[in-house]
Amino acid sequence: MTIVYLFDSFIRYGGIERILTDKMNYLAEHYGYRIIVVTYGQDGHEPIYQLSPRVHLMDVDAPIHRRYRYRGINRIFFCLKVYRQYTKRVKGVLKENKADILVATTHNFFILCALYQLRHLAKTVVESHIYGKWGELYKKKGLINSIYFNVKDSIFRRLVKKSDVLVTLTEGDCSLWSKVKDGVVIPNLLRYYPESVDS
């Protein structure tokens, strides 16, 4: 079985980066699955956490972070151009490797859009690593900002709803998603688990 993970980059120390690294390593080492992680902003850097030799890292170099060089309509056109480039490259990876499962997390709207567009090529899994009421975290004051984030939140929920499986970390998070999609609870892996606990 070939599982492809989509993530922006593994160049920062962070919880999602560590959890995904541990999970991919475990699936490759213990189950023998073929794991490919596709990034778009690795920029030649080594992953911050050590990947198993059985996990293959591929960077497709889609410089979405450069959007801040542009304003207004030019930023929109730039984002659309990079999105098309990214989706085309990921599609090539999926086809070339005959991917069975495509996985993304809820922390990246850009990647979720690509997962939605490519869902006909593999079964799709969305892992929720953020608060289920996503839009409430990003709302800003003012009518325009409120409209923008409500529209984006609506699109975000549609993207999650169209996935084959939603994975949440806790029962509480699962209940927050219940109006969008039924989830499967899979708690985070613990790399270091104490054999005993002091009382």
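Please read these numbers as outputs of a predicted model, since none were measured by experiment.

What follows concerns the overall build of the chain. Each helix and strand in the chain was counted, giving six helices and seven strands. Taken over C-alpha atoms, the radius of gyration comes to 18 Å for the chain, in line with the 16 Å a tight globule of 199 residues would show. Oriented by its inertia axes, the alpha-carbon framework of the chain measures out at about 55 × 45 × 30 Å. Across the 199 residues in the chain, those meeting the buried criterion constitute 42%.

Buried residues dominate strand β5 (residues 123-127), accounting for four of its five residues. Note that the unit made of strand β4 (residues 101-105), helix α3 (residues 109-117) and β5 has a crossover that is right-handed. As paired strands, β5 and strand β6 (residues 165-168) are joined by three bridges and run parallel to one another. When the sheet's bridge partners are listed, Val-125 is paired in β6 with Val-165.

The terminal C-alpha atoms of helix α5 (residues 143-161), which comprises 19 residues, lie 27 Å apart, in line with the 27 Å expected from a rise of 1.5 Å per residue. Taken residue by residue, α5 has Phe-149, Asp-153, Phe-156, Leu-159 and Val-160 as its buried positions. For α5, the arc enclosing every buried residue in end-on projection is 120°, short of the 170-degree limit, so these residues lie on one face. More than 90 degrees from the buried face of α5, the exposed residues found are Leu-143, Ile-144 and Lys-161.

Next up on the list: the packing of aromatic side chains. The tally for this structure, following the rule as stated, stands at 10 aromatic pairs. Measuring from centroid to centroid gives 5.8 Å for Tyr-83 and Phe-110, while their planes differ by 80°, and the two rings are edge-to-face. Here Tyr-83 is found in helix α2 (residues 72-96), whereas its partner Phe-110 is found in helix α3, with 27 residues between them in sequence. Across the pair, Phe-110 and Tyr-83 agree in class, each one buried. Ring centres 5.1 Å apart and planes at 40° place the aromatic pair Tyr-86 and Phe-110 in the tilted group. Taken together, the residues span a long stretch of sequence, with Tyr-86 in helix α2 and Phe-110 in helix α3 at a distance of 24 residues.

Let us now look at a nonpolar patch on the surface. On the surface, a nonpolar cluster with roughly 400 Å² of combined accessible area is contributed by Ile-73, Ile-76, Phe-77 and Leu-80. Within the element layout of this structure, Phe-77 appears in helix α2.

What follows concerns the packing of α3 against α5. One can describe the packing of α3 onto α5 by two numbers: an axis separation of 9 Å at closest approach and a directional angle of 45°. Considered as vectors, α3 and α5 are oriented oblique to each other. Viewed along their axes, α3 and α5 form a crossing whose handedness is left-handed. On α5, the residues that touch Phe-109, Leu-112, Cys-113 and Tyr-116 of α3 are Lys-152, Ile-155, Phe-156, Arg-158, Leu-159 and Val-160. Classifying every residue of the contact of α3 with α5 gives eight nonpolar, no polar and two charged.

α3 packs onto α2 with a crossing angle of 50° between their chain directions and a minimal axis gap of 10 Å. The pairing of α2 with α3 is recorded here as oblique in orientation. α3 is crossed by α2, and the crossing has right-handed handedness. On α3, the residues that touch Val-82, Tyr-83, Tyr-86 and Thr-87 of α2 are Phe-110, Ile-111, Cys-113, Ala-114 and Gln-117.

About the criteria used
- Residues numbered from 1 in each chain as written.
- Predicted model: local features only at pLDDT ≥ 70, side-chain atom pairs only at ≥ 80, totals over all residues.
- Heavy atoms only, no water.
- Helix = DSSP H or I, 4+ residues; strand = E, 2+ residues; numbered from the N terminus.
- Rg over C-alpha atoms; globule rule 2.2 N^0.38 Å.
- Buried < 20%, exposed > 50% of the residue type's maximum accessible area, 1.4 Å probe, protein only.
- Right-handed = clockwise from strand over helix to strand, strands pointing away.
- Pairing = 2+ DSSP bridges.
- Expected span 1.5 Å × (residues − 1).
- Arc of directions from axis to C-beta.
- Phe/Tyr/Trp six-rings, centres within 6.5 Å; stacked < 30°, edge-to-face > 60°.
- Patch = residues over 30% accessible without salt bridge, like charges linked within 9 Å, V, L, I, M, F, W, Y side chains within 5 Å.
- Areas by Shrake-Rupley, 256 points an atom, 1.4 Å probe, with all protein chains shown as cover.
- Salt bridge = Lys/Arg side-chain N within 4 Å of Asp/Glu carboxyl O.
- Axes fitted to C-alpha atoms, helices over the stretch in contact; angles between N-to-C directions.
- Parallel < 35°, antiparallel > 145°, perpendicular 65-115°, else oblique.
- Left-handed = near helix turned anticlockwise from the far one by under 90°.
- Contact = heavy atoms within 4.5 Å.
- Nonpolar A, V, L, I, M, F, W, Y, C, P; charged D, E, K, R; others polar.

Keep in mind that these numbers describe shape and distance, not what the molecule does.
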